[in-house]
Amino acid sequence: SSQLCRQSLFPLPSQPRAMSLKIEFPEGYALCFVPLALSWIMNMFLSIQVAMGRKKYDVQYPNLYAPPGHKDGDKFNCIQRAHQNTLESWSMVMITMLACALVYPISSAISGTIWVLGRFVYGIGYALGNPSFRMPGGLLSHVGDFPLMGMAIRIAYKALTDPDLVKMMRGFAKTHAGLEL
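Residues numbered from 1 in each chain as written. Predicted model: local features only at pLDDT ≥ 70, side-chain atom pairs only at ≥ 80, totals over all residues. Heavy atoms only, no water.

Description of the overall build of the protein chain
Next, step 1: Along its length, the protein chain carries six helices and zero strands.
Next, step 2: The order of helices and strands in the protein chain, counted from the N terminus, is α-α-α-α-α-α.
Next, step 3: What you see for the protein chain is a C-alpha radius of gyration of 24 Å, clearly larger than the 16 Å of a compact globule of 181 residues, by over 25%.
Next, step 4: Its C-alpha atoms give the protein chain principal-axis dimensions of roughly 65 × 50 × 35 Å.
Next, step 5: Taken across its 181 residues, the protein chain has 29% of its residues classed as buried. (Helix = DSSP H or I, 4+ residues; strand = E, 2+ residues; numbered from the N terminus. Rg over C-alpha atoms; globule rule 2.2 N^0.38 Å. Buried < 20%, exposed > 50% of the residue type's maximum accessible area, 1.4 Å probe, protein only.)

Put into structure tokens, the structure is as follows:
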């Protein structure tokens, strides 16, 4: 009995398993890999800025930011903050881009590219040591991420108001929660 359970849970490589799944992406979806790849380059660029800033301003690990009272604390912290701020939104922007691209592939790829370019400008500006120099890059980034948010909201709205999906949600609520909607 335990041998049968093991075989069904962990099939041996010699046992044939047949399962195929065909996934089709809309034309132009592959364009989203351009901003996705560029985002890795952007992150590496920002990481290098932080490493160079650590050396230049003598900010030692394990300090994420310069310790209070550090003579060049504000200058280093601007560099580090540009990287940290980008990390805070990077995954959500890229996931939103890839998800929205299932419906709007070209618009999503363009928006993702604009966001990445904005993060380069943001990092360069912020690294100049004056927090107000981050604004052009921040604004450019929003020219990319706001349309992605809009596309996501539009897709969600269309899903929630689609009669077939509403019927499916009502059936689910009735079957699994006993709710009559």
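Some words on the packing of aromatic side chains
Next, step 1: Within this structure, the stated rule accounts for five aromatic pairs.
Next, step 2: Look at Y29 and F33: their rings are 6.4 Å apart centre to centre, the planes differ by 70 degrees, and that puts the pair in the edge-to-face class.
Next, step 3: On the basis of relative accessibility, which here comes to 11%, the residue Y29 falls in the buried class.
Next, step 4: Summarising the aromatic geometry, the rings of F45 and F120 are spaced 5.5 Å apart at their centres and angled 50 degrees between planes, so their arrangement reads as tilted. Of this pair, F45 sits in helix α2 (residues 33–57) while F120 sits in helix α4 (residues 105–126), and the two are 75 residues apart along the sequence.
Next, step 5: Residue F45 is classed as partly exposed on the basis of its relative accessible area, which comes to 28%.
Next, step 6: Residue classification places F120 among the buried residues on the basis of a relative accessible area of 18%.
Next, step 7: A cation over an aromatic ring shows up here: R54 above the ring of Y61, its NZ or CZ 4.0 Å from the ring centre.
Next, step 8: Positioned above the aromatic ring of Y126, the side-chain terminus of R134 is 5.5 Å from the ring centre. (Phe/Tyr/Trp six-rings, centres within 6.5 Å; stacked < 30°, edge-to-face > 60°. Lys NZ or Arg CZ within 6 Å of the ring centre and 35° of its normal.)

Some thoughts on the environment of V121
Next, step 1: In this structure, V121 sits in helix α4.
Next, step 2: By relative accessible area, which is 36% here, V121 ends up partly exposed.
Next, step 3: Between the alpha carbons of V121 and M44 there is a distance of 14 Å; along the sequence they are 77 residues apart.
Next, step 4: V121 has contacts with P136, G137 and L140, leaving out every residue within four places of it along the chain. (Contact = heavy atoms within 4.5 Å.)

So, the pattern of salt bridges
Next, step 1: Under the defined criterion, the tally for this structure stands at four salt bridges.
Next, step 2: Taking the shortest distance from any N to any O, the salt bridge between K22 and E24 comes out at 3.6 Å.
Next, step 3: Residues E180 and K174 are paired through a salt bridge, measuring 3.7 Å at the closest nitrogen-oxygen approach.
Next, step 4: Residue E180 is classed as exposed on the basis of its relative accessible area of 64%. (Salt bridge = Lys/Arg side-chain N within 4 Å of Asp/Glu carboxyl O.)

Details of the environment of D72
Next, step 1: For D72, the location among the structural elements is in the loop between α2 and α3 (73–100).
Next, step 2: Distance from D72 to Y57, taken between C-alpha atoms, is 6.0 Å for residues 15 residues apart in sequence.

Some words on a nonpolar patch on the surface
Next, step 1: The grouping of L21, I23, F25, L102 and V103 at the surface amounts to a nonpolar patch, some 530 Å² of accessible area in total.
Next, step 2: Secondary-structure assignment places F25 in the loop between α1 (2–9) and α2.
Next, step 3: Classification of F25 as partly exposed rests on a relative accessible area of 49%. (Patch = residues over 30% accessible without salt bridge, like charges linked within 9 Å, V, L, I, M, F, W, Y side chains within 5 Å. Areas by Shrake-Rupley, 256 points an atom, 1.4 Å probe, with all protein chains shown as cover.)

Concerning the nonpolar core
One recurring pattern in soluble globular proteins: nonpolar side chains tend to sit buried together.
Next, step 1: One finds M42, M94, W115 and V116 to be the most contacted residues of the largest nonpolar core, which totals 16 residues.
Next, step 2: The set of elements that each furnish at least two residues to this core consists of α2, α3, α4 and α5 (135–161).
Next, step 3: Broken down by element, the residue count for this core peaks at five residues, all from α3.
Next, step 4: If sequence neighbours within four positions are ignored, W115 has contacts with M42, T86, S89, W90, V93, M94, S141, G144 and D145.
Next, step 5: If you look at the next biggest cluster of nonpolar residues, it comprises six residues, including V50, Y57, F76 and I79. (Core = buried A, V, L, I, M, F, W, Y, C linked by side-chain atoms within 4.5 Å.)

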